[in-house]
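Chain residues, written in single-letter form:
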Amino acid sequence: MSNARGRREAHGEMGRRMSRRRLLELGLLSAAAPSVLLRPRHAAAQIGGAQPTAPTPAGELKNPVEFKAPKVKASSPTTISFWQYVGFHVDVQKFIAEEYKRRFDPNLSLEITAYPGLNEQRVGVKSALAAQSPTPDIIAVEPGAYAVDVSASGSVLDFTKVFAEDPDYKKGFWPNALELLTINGSIVSVPAVTNTVIVYYNRALFRQHGLEVPNTLDELKKVGATLNAKGVMPIAYPAGQDRNFPIFPYYTYVGGIKADKLMREADLGLKPWTSPELVAGAEFVEMMAKSGLYAKGPLGVKEPDAIQIFATGRSAMFWGGQWMRRSIRAALPPGFDMGLFPFPAVVAGGHKPVLSSVGITLTVNARSKHPDLAFEMIKAITGAWGKIEYTRNLGLSPNGPISAEAIAYQMQSLKDPLYPEFLKLQPTGTTRVIFTPVVEEAMTQGMQALITGQKTPKAVMESVEAASQKAGARKFKVG
Amino acid sequence: MRANPVRHRWQRHAVGYAFAGPALLILAAFLLYPIGYSLWLSLHEWDGYTPRWGPFVGIENYRALAADEVFWRAMLNSIIFVVVRTPLEVGLGFLLALLLNRRLVARSLLRTLFFVPVVMSLIVVTIIFQRVYEPNTGLLNTVLNAVGLGAWAHPWLGDPATALPAVIAVSVWKNVGFSLVILLAGLQGLPQDVLEAARVDGANAWHLTLKVITPLMRPILALTALLSIIGGLKVFDLVFIMTRGGPTYSTEVLATMLYREAFELNHMGVASAIGVILVAVVLSIARVQTFVLRESREGEAA
């Protein structure tokens, strides 16, 4: 990380620059935070929880959490390998690994291989595991089918021992995030971050056309009609980006009617996909496709296209993920006034659904020659100190509760007014994960058929149910 | 004492085998063994994570494919891909080669320009064409709107009806230069005395092309077509990057289905069965083509 030294120097200056009163305020806030934060949430599929409101940062702040020393160190120069699939995470992962090396274990280096995408990384990992290779030591896996695949095949180590030895480390994660990664009773992977899917909007365009942020679906439709009449596309929706995007509207509706638990059960083959609630989700997808709310041909629109449409003011809204925030901001012209809001309530009196998930998660190859060192490195990246640095660099939401002081520290360098808004929306999240590969495939194809008007909602859900039944009894349990 | 004929034959060919040996070994290790291994895997169930394949299932994977409508869709799309792409690629390549075989101003420049797409990175090409086809701001729809043909503007890659033709068009654009170069080399190697004799006999340009050049070019046209057919049958990267086989399997071809089954659905046995079928189809076509070519040569010789 190019400015690592600058930051270290800044940390050293912090104590001298902050007033005692300021430190006291921050300390009180952070002390109050855990009682709110660590309250367990048992709503099946939600990810994340409430974060405290950070005070306006004053002076140079530093990461308020101690970077804990590892229990195991390398006895000789050792390099552990890490294969991941999100290029923009590499810098911060390297930064944390270098800090770890500098402070605690000069013998240990982390070699990161960033594949261009999830598919490529998954193919590489699969080949390595089939060949019984000890490389990579650390594997990034996506929650859902990928995590199930690597754990059910016995290819990765679970975190039982690590958590037993360090209960505080486990407490640092949102319980619901870990629940998503608990396969057959074992936590097989830990999240580096959490994230949300929301609606970005062009505040200036909204003001220009006298529009308010919609709270209900009807209001959203009215906003869309006004924008269409003015020649502005309402929502840029990159449904052609990958196989997950076409399902987003479905997840949104299901979350909006609080049927996400039902969806999980259907995913695991315990309930039918043809129940009225889940068919209603497909009807919502069809309605949205026909509503004129999307920019033309969403299945032909990729993420960069959608960002360009939004950044050039051709659309007033962009339905996308928190992880795209950097790309969006990079594409926006100076002075672009961007806001965000959760998708409006999909049913009268319902809540506003925010899709939420853990992003990249980390686990250890069962054949790694250095499993203890790999776990220590994962703890450094995802632990109390690491998570603050990680999300401070990327603007993604942390994998667990952090203090107000930590948020203030993050805000100081992040300088992103949307970051606290993302944190506020996180606890309202509803999951967007499917665990059974053939079901996910049937959902992707089915949603595409709805968007292109090729099938009816009922027919689509029947085909998903057929795929689910064909998968038979699942050999895994989740949570 | 008479020499042993078998030993004599072996000695005669020993040098040849010695030279070909390393290449044959590489061929066996990296082509024949994987094909055999795929055949073996296609008779087993395997998720691809464990070091050893799963239980033997006989022809069950093939049976499953035969009952899978996505497989037949992928097969049909592969055939459409070949049937549409090959005539366009070879036909356009031949027309361009005929044009560039004449004494034209900037002939070298034109030849280079037509060949540029061939050497361009496929990733770059697909990204460019994704942008060209983008329904809202893409070049194609923008041009159509600008020239008053806005009614034709379309979500080219987002509509199952147009996605496959759109991908085939990119494939033709990318590969026509390759056909052009091969065919141009063929044209330049034609016996000039035959062409001259035809001209002396009063053949006009049309007759010369149709009755003299085209028959003489038949072996090279067949070779170009064969390469195009095989390339079309095993197309993967272009489709995968542009559409991932969608929407709704409208651009799914055998190779993208193979990938999906292997790496997304963990059905390595089924994926191997698709691979075996693909190899069988490609080999059959190559065999038929070679046979037709030989017959045509022998016909000409007679």
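Residues numbered from 1 in each chain as written. Chains lettered and ligands numbered in written order. Predicted model: local features only at pLDDT ≥ 70, side-chain atom pairs only at ≥ 80, totals over all residues. Heavy atoms only, no water.

**Student:** Which residues make up the overall build of chain A, and what values do they have?
**Tutor:** Within chain A, the regular secondary structure consists of 21 helices and 15 strands. For chain A, buried positions account for 61% of its 479 residues. Sequence separation of at least 24 residues holds for 80% of the intrachain contacts in chain A that already meet a minimum separation of 6. By element, 53% of the accessible surface of chain A is carried by carbon and sulfur atoms, the whole surface being about 18,100 Å². (Helix = DSSP H or I, 4+ residues; strand = E, 2+ residues; numbered from the N terminus. Buried < 20%, exposed > 50% of the residue type's maximum accessible area, 1.4 Å probe, protein only. Contact = heavy atoms within 4.5 Å. Areas by Shrake-Rupley, 256 points an atom, 1.4 Å probe, with all protein chains shown as cover.)

**Student:** Would you mind going over the overall build of chain B in detail, with residue names and values included?
**Tutor:** For chain B, the count of helices and strands is 12 helices and zero strands. When the helices and strands of chain B are listed from N to C terminus, the series reads α-α-α-α-α-α-α-α-α-α-α-α. Relative to its length of 302 residues, chain B is extended, with a C-alpha radius of gyration of 24 Å against a globular reference of 19 Å. By sequence separation, contacts in chain B at least 24 residues apart represent 66% of the contacts at least 6 residues apart. Carbon and sulfur atoms provide 70% of the accessible area of chain B, an area that totals close to 16,500 Å². Side chains of chain B give 23 positive and 18 negative charges; the mean places of these two sets differ by 12 Å. (Rg over C-alpha atoms; globule rule 2.2 N^0.38 Å. Lys, Arg positive; Asp, Glu negative; His and termini not counted. Charge placed at Lys NZ, Arg CZ, Asp CG, Glu CD.)

**Student:** Describe in detail the interface of chain B and chain A, supporting the description with residues and values.
**Tutor:** Listed as interface residues are 33 residues of chain B and, on the opposing side, 35 residues of chain A. Summing both sides of the interface, chain B and chain A together bury roughly 3,000 Å²; the carbon and sulfur share of this comes to 54%. If you look at where chain B meets chain A, you find three salt bridges. Two residues, R131(B) and D305(A), come together in a salt bridge whose shortest N-O distance is 2.5 Å. (Buried area = accessible area lost by both parts, 1.4 Å probe. Salt bridge = Lys/Arg side-chain N within 4 Å of Asp/Glu carboxyl O.)

**Student:** Got a sec to walk through helix α12 (residues 260-267) of chain A? Specific residues and values, please.
**Tutor:** Counting buried positions along α12(A) yields six of eight residues, so the element is predominantly enclosed. Within α12(A) the residues assigned to the buried category are D260(A), L262(A), M263(A), R264(A), A266(A) and D267(A).

**Student:** Can you lay out the nonpolar core for me, pointing to particular residues and giving the numbers?
**Tutor:** Residue and element names in this part refer to chain A. With 77 residues, the main nonpolar core has Y250, W273, M317, M443 and M461 as its most contacted residues. Beyond its immediate stretch of four places on either side in the chain, M443 contacts I247, Y250, W273, I434, M461 and V464. Within the second largest apolar cluster, 42 residues are counted, among which are A140, F163, I360 and L394. (Core = buried A, V, L, I, M, F, W, Y, C linked by side-chain atoms within 4.5 Å.)

**Student:** Can you tell me about the side chain of E264(B), naming the residues and giving the values?
**Tutor:** Mapped onto the secondary structure, E264(B) falls in helix α11 (residues 254-264). Residue E264(B) is classed as buried on the basis of its relative accessible area, which comes to 2%. Separated by 3.3 Å, the side chains of E264(B) and R243(A) make a polar contact. Within polar-contact distance, the side chain of E264(B) engages the side chain of R244(B) at 2.5 Å. If we ignore the near neighbours within four places in the chain, the residues touching E264(B) are N119(A), R122(A), R243(A), P437(A), E441(A), R244(B) and Y259(B). (Polar contact = N/O pair within 3.5 Å; in protein donor to acceptor, adjacent residues only side chain to side chain.)

**Student:** An account of the environment of A140(A) is needed here, citing residue identities and associated values.
**Tutor:** Residue and element names in this part refer to chain A. Topologically, A140 is positioned in strand β3 (residues 138-141). With 49 residues separating them in the primary sequence, A140 and S189 have C-alpha atoms 8.5 Å apart. Setting aside its immediate chain neighbours within four residues, A140 contacts F82, W83, Q84, Y85, Q121, Y146, I360 and T361.

**Student:** Give a detailed account of the pairing of strand β10 (residues 315-321) of chain A, specifying residues and quantitative values.
**Tutor:** All names here are of chain A. Of all the seven residues making up β10, seven are buried; the element is thus mostly covered by neighbouring parts of the structure. Pairing of strand β8 (residues 193-202) with β10 involves five bridges; the strand directions are antiparallel. In the strand pairing of β10, Y201 is matched with M317. (Pairing = 2+ DSSP bridges.)

**Student:** Tell me about the pattern of salt bridges, and please be specific about residues and values.
**Tutor:** For the coordinates displayed, the defined rule picks out 24 salt bridges over all chains. For R207(A), the salt bridge goes to D337(A), with nearest N and O atoms at 3.2 Å. Here R207(A), found in helix α9 (residues 203-208), pairs with D337(A), found in the loop between α15 (325-331) and β11 (338-341); they are 130 residues apart in sequence, far enough to count as distant. A relative accessible area of 54% means that R207(A) is categorised as exposed. For D337(A), a relative accessible area of 23% translates into the label partly exposed. Of the charged contacts in the structure, one is a salt bridge between R63(B) and E60(B), with a shortest N-O distance of 3.5 Å. In this pair, R63(B) and E60(B) both sit in helix α2 (residues 60-66), three residues apart, roughly one turn of the helix. Judged by relative accessible area, which is 52%, R63(B) ranks as exposed. Ionic contacts of the salt-bridge type, sharing partners, join the residues R243(A), E440(A), E441(A), R244(B), E252(B), R260(B) and E264(B) into one network.

**Student:** For the pairing of strand β12 (residues 354-358) of chain A, give the residues involved together with the corresponding values.
**Tutor:** Two faces make up the sheet, and in a regular strand the side chains alternate between them. Residue and element names in this part refer to chain A. The buried fraction of β12 is high, at five of five residues. Alternating residues of β12 divide into V354, S356 and V358 and L355 and S357, and every residue in both groups is buried. Across four bridges, the pairing between β8 and β12 is antiparallel. Within β12, the position partnered with N195 by the bridge is S357.

**Student:** Talk me through the packing of aromatic side chains; I want residue IDs and the actual numbers.
**Tutor:** All names here are of chain A. The full count for this structure, using the stated rule, is 33 aromatic pairs over all chains. Measuring from ring centre to ring centre gives 5.3 Å for F310 and F336, while their planes differ by 65°; the resulting arrangement is edge-to-face. Of this pair, F310 sits in helix α14 (residues 303-311) while F336 sits in the loop between α15 and β11; the two residues are 26 residues apart in sequence, bridging distant segments of the chain. Like F310, the residue F336 is buried in the burial classification. Between the NZ or CZ atom of R122 and the centre of the ring of Y146, over which it lies, the distance is 4.9 Å. The ring centre of Y169 lies 5.7 Å from the NZ or CZ of K379, which sits over that ring. (Phe/Tyr/Trp six-rings, centres within 6.5 Å; stacked < 30°, edge-to-face > 60°. Lys NZ or Arg CZ within 6 Å of the ring centre and 35° of its normal.)

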